[in-house]
Amino acid sequence: MQSQATSLYERLGGVYSIATVVDDFIDRIMDDPRLNSNPLVDEAHHRVSRSGFKYLVTEMVCWATGGPQQYSGRSMHDSHAHLKITAEEWESFLDDFQQTLDKFAVPAAEQAELFAIVQSTKPDIVIPA
Ligand code: HEM
């Protein structure tokens, strides 16, 4: 059994593995018509640089999973409130995340921990119903 003393960051394989997974995931969400049907999301997805976006999300995932990196971007509320993201768009985002994790064969235990981290941010990102 895996020791709980080993951080999720280490079990995922550190920054090189995490950056590879984020690379696939950001391409997937930035091209997802289910998300870009929200005009505010579509505008922002075409305004921000793809590589800058990947950089910030990589930094955040490394930090959130126990790596040595510090997240230097804006808070989840400040970077998403103006996008008016709905619960339905949130589900599409999770579906994209699942597809990326499956593509890289991330084990079930690590997937569950990643989903718990992502879900913890939902109240900051999704507008109230
Ligand atoms: C756990 C879920 C999410 C995480 C960890 C996340 C992460 C981030 C990060 C790190 C940034 C950059 C912040 C900055 O500029 O300093 C960002 C911005 C952005 N996110 Fe997310 N995000 C999440 C959910 C979503 C969802 C569900 C959508 C779309 C449906 C979305 C669309 C965007 C867009 C369009 C921007 C650019 C905003 C702008 O600059 O105007 N995000 N996100």
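Residues numbered from 1 in each chain as written. Predicted model: local features only at pLDDT ≥ 70, side-chain atom pairs only at ≥ 80, totals over all residues. Heavy atoms only, no water.

For the chain, an unreviewed UniProt entry supplies the name Group 1 truncated hemoglobin and the organism Trichocoleus desertorum GB2-A4.

Looking at helix α5 (residues 50–64)
The end-to-end C-alpha separation of α5 is 21 Å, in line with the 21 Å expected for 15 residues at 1.5 Å each. Residues Lys-54, Val-57, Thr-58, Glu-59, Met-60 and Cys-62 constitute the buried set of α5. Next to the buried residues of α5 lie α1 (8–12), α2 (14–30) and α6 (76–80). Backbone geometry just after α5 places Gly-66 at a positive phi near 100 degrees. (Helix = DSSP H or I, 4+ residues; strand = E, 2+ residues; numbered from the N terminus. Expected span 1.5 Å × (residues − 1). Buried < 20%, exposed > 50% of the residue type's maximum accessible area, 1.4 Å probe, protein only. Contact = heavy atoms within 4.5 Å.)

Describing the coordination of the iron atom of the ligand
Coordination of the iron atom of the ligand by the protein comes from a single atom, His-80 (NE2), at 2.0 Å. By the element assignment, His-80 lies in helix α6. (Donors = N, O, S within 2.8 Å, 3.2 Å for Na, K, Ca; no water.)

With respect to the pattern of salt bridges
Side-chain pairing between opposite charges can occur once the charged atoms of the two side chains come close. Scanning all chains against the criterion turns up 12 salt bridges. The partner of Arg-11 in a salt bridge is Glu-113, and the shortest N-O contact between them spans 2.8 Å. Of the two residues, Arg-11 sits in helix α1 while Glu-113 sits in helix α8 (residues 108–119), which places them 102 residues apart along the sequence. Arg-28 is paired through a salt bridge with Asp-24; the nearest N and O atoms lie 3.0 Å apart. In this pair, Arg-28 and Asp-24 both sit in helix α2, 4 residues apart, roughly one turn of the helix. What makes Asp-24 buried here is its relative accessible area of 12%. (Salt bridge = Lys/Arg side-chain N within 4 Å of Asp/Glu carboxyl O.)

A short note on the site of the ligand
Close contacts around the ligand come from 23 residues, with Arg-47, Arg-74, His-80, His-82 and Thr-121 the closest. Within the backbone of Arg-74, a nitrogen or oxygen atom sits 2.7 Å from an oxygen atom of the ligand. Within the side chain of His-80, one N or O atom sits 2.8 Å away from a nitrogen atom of the ligand. Breaking the shell around the ligand down by element, the ones donating at least two residues are α4 (39–47), α5, α6 and α7 (87–103). For the shell around the ligand, the element with the highest residue contribution is α5, accounting for 4 residues. Broken down by class, the residue content of the shell around the ligand amounts to 15 nonpolar, 6 polar and 2 charged. (Near = heavy atom within 4 Å. Polar contact = N/O pair within 3.5 Å; in protein donor to acceptor, adjacent residues only side chain to side chain. Nonpolar A, V, L, I, M, F, W, Y, C, P; charged D, E, K, R; others polar.)

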